[in-house]
Amino acid sequence: MLDTAFASSTHPKTPHIPIQIPALVQPSSIQLSLVIPTYNEASSICSLIRQLSTHLDTHLPGIYELIVVDDNSPDYTAKLARELQKEVPQLKVICRHQERGLATAVLRGWQAAQGEILGVIDGDLQHPPEIILKLWQQIQAGADLAVGSRYLKSGGVSHWKLSRRIVSRGAQLIGLAILPGVLSRVSDPLSGLFLLRRKTLAGIPLSPKGYKLLIEVLARGKVGSIAEVGYIFQERQNGQSKIQLQTCVQYLQHLIHLRFSLGPFGSFLRFSTVGLSGTIIDMALLYLLHDPRNLGWGLIVSKLISSEVAILNNFLWNDLWTFRSVAKLQPGVLNRLKRLVKFNIICLIGLSLNSFLLILLSEHLGIHYLLANLIAIGIVVFWNFYLNSKLSWRVTKAKPNPSSNNP
Ligand SMILES: Nc1nc2c(ncn2[C@@H]2O[C@H](COP(=O)(O)OP(=O)(O)OP(=O)(O)O)[C@@H](O)[C@H]2O)c(=O)[nH]1
Ligand SMILES: [Mg+2]
């Protein structure tokens, strides 16, 4: 019996290390490298490869390669694909034993690819093979990325049940809410059928989770012009879907991870999250030290200790997480201490600013003290973030090495 309980997720042993696609060092006769990720697709893989090679031999003879990346499927998909290599010499087969997951399978295939144009197509014949040629035409016309879309006029989803349509559209809407600037770039951001130029990804660390590689590409890649081609997503004729509840959880994790890691807004979100953890620590410690049912210490002493502990907590997380890319450039205990001192001073000024704004807004402008405090905290968070990113975690220019002869 097949291992249908397979989780198309990350293997427990898989390290979460970003994957990078290299730039091509040597020119190659191969122009298009099309990856086919598979898990238990024995019933369709041979037919798909034959159909693809027929189309591509006619239109792109000798300049394409097909790369099956299989995760050691128990139904011997990889073995069947290997048996086809004599018939289809453009075919490569990679069988992974230590890693699992659709998106990373595609990236591993692209790492081994020789073409300047990289692509992906499902291994279960749900993506019509001939669409690859239309996507190729779009790339030839200048697009950086050509996406097969189910949501254009010429596209569709054959006989999907209402529940699946709702889940698919719901996932897209959630994605749009979390990453509007990314998912709104195409009509079908959850598509698994697309071609792109290698240069859009070369050298960029990629960490997709689960299925939706296109989102990672749109979020982190240097993608300029995008073209879309409508296609009808076919019903699965054979084999089983690998989508599970875990796939949906990974999709959400992926979106949240991207939200926190992209651009200045991502850093601000991380900074605010750390700030929230500091506020909780501050409140809990203040209660512990000052409350008569606990230690009953004086308010000022208790507040000074609780604030300082919160500041230390915030510093640590900001150094390890929020601004880690800058902190890595300035290693060493002394540098860390310098950052800590600056952070401490800025936060203490922020604390004074908070009190000043609280009094100004509540006592002079008549705003309710809780609302006034909320406004003051909001302003101070921006203040703290701005000053700390400019002063504490400032990217300094590397000092020239006197021993080097380079200019
Ligand atoms: N290598 C590898 N391939 C995978 C993995 N999970 C899914 N795939 C392949 O990725 C492609 C898409 O997966 P499917 O389960 O068909 O997903 P789907 O087409 O969105 O969903 P269905 O319509 O239910 O089939 C298929 O070729 C799968 O065999 C995985 O963990 N590793
Ligand atoms: Mg499928």
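Residues numbered from 1 in each chain as written. Chains lettered and ligands numbered in written order. Predicted model: local features only at pLDDT ≥ 70, side-chain atom pairs only at ≥ 80, totals over all residues.

Remarks on the domain arrangement of the protein
A common measure of how large an interface is: the accessible area buried when the components associate.
Logical step 1: Each assigned domain of the protein is listed here: domain 1 (32-261) and domain 2 (263-392).
Logical step 2: Each of domain 1 and domain 2 has a C-alpha centre, and the two are 44 Å apart. (Domains from an automatic or database assignment.)

Some points on the environment of Glu116
Logical step 1: Summarising the element assignment, Glu116 is placed in the loop between α3 (102-111) and β4 (117-120).
Logical step 2: A tally of 18 C-beta atoms within 10 Å means that Glu116 is categorised as partly exposed.
Logical step 3: For the pair formed by Glu116 and Arg100, sequence separation is 16 residues and the distance between their alpha carbons is 25 Å.
Logical step 4: Leave out the neighbours within four places in its chain, and Glu116 touches Leu24, Gln31, Arg197 and Arg198. (Helix = DSSP H or I, 4+ residues; strand = E, 2+ residues; numbered from the N terminus. Buried ≥ 20, exposed ≤ 12 C-beta atoms within 10 Å, placed from the backbone. Contact = placed C-beta atoms within 7 Å.)

Some words on the nonpolar core
Logical step 1: Membership of the largest hydrophobic core comes to 64 residues, with the highest contact counts inside it found for Leu34, Val68, Val106, Leu135, Ala146, Phe194 and Leu195.
Logical step 2: Residue contacts for Val106: discarding those within four places in its chain leaves Val35, Pro37, Val69, Val120 and Leu213.
Logical step 3: Ranked by size, the runner-up nonpolar core spans 6 residues in total, among them Ala310, Phe315, Phe343 and Ile346. (Core = buried A, V, L, I, M, F, W, Y, C linked by C-beta atoms within 7 Å.)

Overview of the pairing of strand β5 (residues 145-149)
The side chains of a regular strand alternate between both faces of the sheet.
Logical step 1: Burial of β5 is extensive: 5 of the 5 residues sit out of reach of the surface.
Logical step 2: Alternating positions in β5 separate into two faces, Leu145, Val147 and Ser149 on one and Ala146 and Gly148 on the other, with burial throughout.
Logical step 3: Of the strand pairs in this sheet, β5 and strand β6 (residues 194-197) are connected by 3 bridges, and their pairing is antiparallel. Paired with Ala146 across the strands is Leu195, a residue of β6.
Logical step 4: Pairing geometry for β5 and strand β7 (residues 226-230), over 5 bridges, is parallel. (Pairing = 2+ DSSP bridges.)

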